[in-house]
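Here is what each chain is made of, one letter per residue.
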Amino acid sequence: MATNKTPKGLDDLFHDTLKDIYFAEKKILATLPKMAKAAHSPDLKAAFEKHYTETQEHVARLEEVFEVIGKKPAAKTCAAIMGITEEGAEIMEEYKDSPALDAGLLAAAQAVEHYEISRYGTMRTWASELGLTEAAQLLDLTLAEEKKTDVALTKLAESAVNVAAEAAE
C-alpha cells in the first residue's frame with residue numbers, strides 16, 4: 001500500500017532546527033547562573049553574567065523567528081546541548097576545589113558557543129534560501145553576538161584563566 005506522504009523539505013528542517021536551538025538557548029539560560037556561581041575568576045563570572053543577559057535576547061529573537069514563520073514557539077530536546085552541559089556539570093563537580101576549574105568552565109562555555117555558531121550560521125543560510133529575510137536578519141544578529149562571545153572567551157582564557165590554572169601546578 002503506497003502512502004502519499006509528502007517528503008519533508010528545507011522548511012520542515014528549518015522549523016525542527018529552530019525548535020532544537022530554542023531548547024538549547026533555554027537550557028543555556030538555566031546553566032549560566034550555575035557556571036557564574038562556580039567560577040573563581042571575577043572576569044569569568046562577569047562574562048557568564050553578561051552572556052546570560054544576551055541569551056535572554058537570543059530567546060526573544062528566536063520567538064520572533066517562530067512568529068515570522070507562523071509557528072508557535074516550541075522546544076525540541078537538543079541532545080547536543082544536553083551532552084555539552086552535562087560535561088560542564090562534570091567539570092564543576094570534579095574540579096570544584098581546583099585551580100583548573102575556571103579553565104574547564106571556560107572550555108565548556110566555548111563548546112556551547114561553537115555549537116551555537118554552527119547552528120545559527122546554518123539557520124541563517126537556510127532562512128535566506130527560504131526567502132525568510134526577516135528571520136535571516138534576526139539569526140544573523142545572534143550569530144554575530146555568539147562569535148563575539150567566543151572571541152571574548154578566548155581572550156579571557158589566553159590572558160588570565162589558563163595562565164592561572166597553569167601557575168597553580
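This text goes with the structure placed above it.
The model shown is predicted, which means the values in this text are computed figures rather than measured ones.

Caption draft 1: Quick look at the overall build of the chain. Along the chain, the regular secondary structure elements total 5 helices and 0 strands. Beginning at the N terminus, the succession of helices and strands in the chain can be written as α-α-α-α-α. The principal-axis extents of the C-alpha atoms in the chain amount to approximately 65 × 35 × 20 Å. By the burial criterion, 43% of the 169 residues in the chain qualify as buried. Here the analysis covers contacts within the chain between residues at least 6 apart in sequence; of these, 80% occur between residues at least 24 apart.

Caption draft 2: Structural detail: the packing of helix H1 (residues 10–38) against helix H4 (residues 101–129). Viewed as axis vectors pointing N to C, H1 and H4 meet at an angle of 160°, and their least axial separation amounts to 10 Å. By the angle between their directions, the pair H1 and H4 is classed as roughly antiparallel. Remark: the crossing between H1 and H4 carries left-handed chirality. Residue classes in the contact of H1 with H4 are distributed as 19 nonpolar, 1 polar and 5 charged.

Caption draft 3: Representation of the side chain of serine 41. Positionally, serine 41 belongs in the loop between H1 and helix H2 (42–68). Among the residues examined, serine 41 registers a relative accessible area of 14% and is labelled buried. Of note is the side chain of serine 41, whose polar atom sits 3.1 Å from the backbone nitrogen of leucine 44.

Caption draft 4: Structural context of H4. In this model H4 runs 42 Å from its N-terminal to its C-terminal C-alpha over 29 residues, within 8% of the 42 Å that 1.5 Å per residue would give. Directly after H4, the chain includes glycine 131, whose backbone phi takes a positive value near 75°.

Caption draft 5: Structural view of the packing of aromatic side chains. Inspection of every chain in the model, using the stated rule, returns 1 aromatic pair. With centroids separated by 5.3 Å and ring planes inclined at 75°, the aromatic side chains of tyrosine 22 and phenylalanine 66 adopt a geometry described as edge-to-face. You can see tyrosine 22 sitting in helix H1 and its partner phenylalanine 66 sitting in helix H2, a full 44 residues away along the chain. The pair formed by tyrosine 22 and phenylalanine 66 is uniform in burial state, with each residue classed as buried.

Caption draft 6: How the structure looks around empty space enclosed by the protein. Scanning all chains against the criterion turns up 1 cavity of 30 Å³ or more. If you add up the space inside the largest cavity, you get close to 40 Å³. Elements represented by at least two residues in the lining of the largest cavity include exactly H1, helix H3 (79–94) and H4. In terms of residue class, the lining of the largest cavity is built from 5 nonpolar, 3 polar and no charged.

Caption draft 7: Structural context of the nonpolar core. Phe14, Phe48 and Leu105 are the most contacted members of the largest nonpolar core, which has 44 residues in total. Contributing elements (two or more residues each) for this core: H1, H2, H3, H4 and helix H5 (133–167). With 12 residues, the top contributor of residues to this core is H1. Excluding its chain neighbours within four sequence positions, the residues that come into contact with phenylalanine 48 are Leu32, Met35, Ala36, Ala39, Leu105 and Ala109.

Quick notes on the rules
- Just so you know, the residues in each chain are numbered from 1, in the order the chain's sequence is written.
- The predicted origin of the model limits local features to residues at a pLDDT of at least 70 and limits the giving and counting of side-chain atom pairs to 80 or more, whereas totals for whole chains, interfaces and linings rest on all residues.
- The side-chain figures draw on all heavy atoms in the structure; neither hydrogens nor water molecules are used.
- Every helix listed is a DSSP run of H or I at least four residues long, and every strand listed is a run of E at least two residues long, numbered separately from the N terminus.
- Exposure classes here rest on a 1.4 Å probe applied to the protein chains alone. A residue is buried below 20% of its type maximum, exposed above 50%, and partly exposed in between.
- Between two residues, a contact is recorded if the distance between any of their heavy atoms is within 4.5 Å.
- To get an axis, a line is fitted to the C-alpha atoms, and for a helix only the part in contact is used. The angle between two axes follows their N-to-C directions and goes from 0 to 180 degrees.
- The labels follow the angle: roughly parallel below 35 degrees, roughly antiparallel above 145, roughly perpendicular from 65 to 115, and oblique for the rest.
- We call a crossing left-handed when the near helix sits turned anticlockwise from the far one by less than a right angle, and right-handed when that turn is clockwise.
- Residues are grouped as follows: Ala, Val, Leu, Ile, Met, Phe, Trp, Tyr, Cys and Pro are nonpolar; Asp, Glu, Lys and Arg are charged; all remaining types, including Gly, are polar.
- Whenever two N or O atoms come within 3.5 Å, that pair is a polar contact, provided that in protein one can donate a hydrogen and the other can accept it, and provided that, for residues adjacent in sequence, both atoms are side-chain atoms.
- Helix span, as expected, comes to 1.5 Å for every residue beyond the first.
- When two rings of Phe, Tyr or Trp (its six-membered ring) have centres within 6.5 Å they constitute a pair, described as stacked for plane angles under 30 degrees, edge-to-face for angles over 60, and tilted for the intermediate range.
- Points on a 1 Å grid over protein atoms alone make up a cavity when a 1.4 Å probe fits among them but cannot get out, and a pocket when they form an open set with protein on both sides within 12 Å along at least five of seven lines; lining residues each have an atom within 4 Å of a point.
- Grid points are joined across faces, edges and corners, and a volume is the space filled by probe spheres set on the points.
- Nine residue types can take part in a nonpolar core, namely buried Ala, Val, Leu, Ile, Met, Phe, Trp, Tyr and Cys, and a core is a set of them joined through side-chain atoms within 4.5 Å.

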